[in-house]
Amino acid sequence: MSYTIGFQAKDQKAILATEAATANQAVAIIAALRQGADEIKFIRSPQEGEMGIEMLLLLAKEEAEEMPQRA
């Protein structure tokens, strides 16, 4: 499932967006954006629509559980 993360850099007025292929990648992008003091404006996916960070974390957890474990 793909995710689009919209964010606004602290010194800009424009809202930028970036794509992530998985929920786990989206969580990592959001963490990096937050460290740079960027403001998250939206998170959306074609399947889930608009969502909050809590929903994304839940989806990332479910995604991790579905991944086969490496021995």
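Residues numbered from 1 in each chain as written. Predicted model: local features only at pLDDT ≥ 70, side-chain atom pairs only at ≥ 80, totals over all residues. Heavy atoms only, no water.

Enquirer: Go over the packing of helix α1 (residues 23-35) against helix α2 (residues 53-66), please, and point to the residues and values.
Expert: Direction vectors running N to C along α1 and α2 enclose 140 degrees, while the axes themselves pass 8 Å from each other. Taken as axis vectors, α1 and α2 run oblique relative to one another. Considering the relative orientation of α1 and α2, their crossing is left-handed. Seen from α1, the contacting residues are A23, N24, A26, V27, I30 and R34; seen from α2, they are I53, L56, L57, L59, A60, E63 and A64. (Axes fitted to C-alpha atoms, helices over the stretch in contact; angles between N-to-C directions. Helix = DSSP H or I, 4+ residues; strand = E, 2+ residues; numbered from the N terminus. Parallel < 35°, antiparallel > 145°, perpendicular 65-115°, else oblique. Left-handed = near helix turned anticlockwise from the far one by under 90°. Contact = heavy atoms within 4.5 Å.)

Enquirer: Tell me about the nonpolar core, and please be specific about residues and values.
Expert: In this structure, Y3 and L56 are the most contacted members of the largest nonpolar core, which totals 14 residues. Here Y3 is in contact with T18, E19, A20, T22, A23, A26, R44, S45, M51, L56 and L59, once residues within four sequence places are set aside. (Core = buried A, V, L, I, M, F, W, Y, C linked by side-chain atoms within 4.5 Å. Buried < 20%, exposed > 50% of the residue type's maximum accessible area, 1.4 Å probe, protein only.)

Enquirer: Kindly report on the packing of aromatic side chains, identifying the contributing residues and their values.
Expert: With the rule as written, the count across this model stands at 0 aromatic pairs. We note R44 situated over the ring of F42; from NZ or CZ to the ring centre the distance is 4.1 Å. (Phe/Tyr/Trp six-rings, centres within 6.5 Å; stacked < 30°, edge-to-face > 60°. Lys NZ or Arg CZ within 6 Å of the ring centre and 35° of its normal.)

Enquirer: Describe α2, listing the residues and the values that go with them.
Expert: End to end, α2 covers 20 Å across 14 residues, agreeing with the expected 20 Å (1.5 Å per residue, within 8%). Within the sequence span of α2, burial applies to I53, L56, L59, A60 and E63. Seen along its axis, α2 keeps its buried residues to an arc of 115 degrees; they face one direction. Along α2, exposed side chains directed more than 90 degrees from the buried face belong to E54, K61 and E65. (Expected span 1.5 Å × (residues − 1). Arc of directions from axis to C-beta.)

As far as function goes, none of this settles anything; it's purely spatial.
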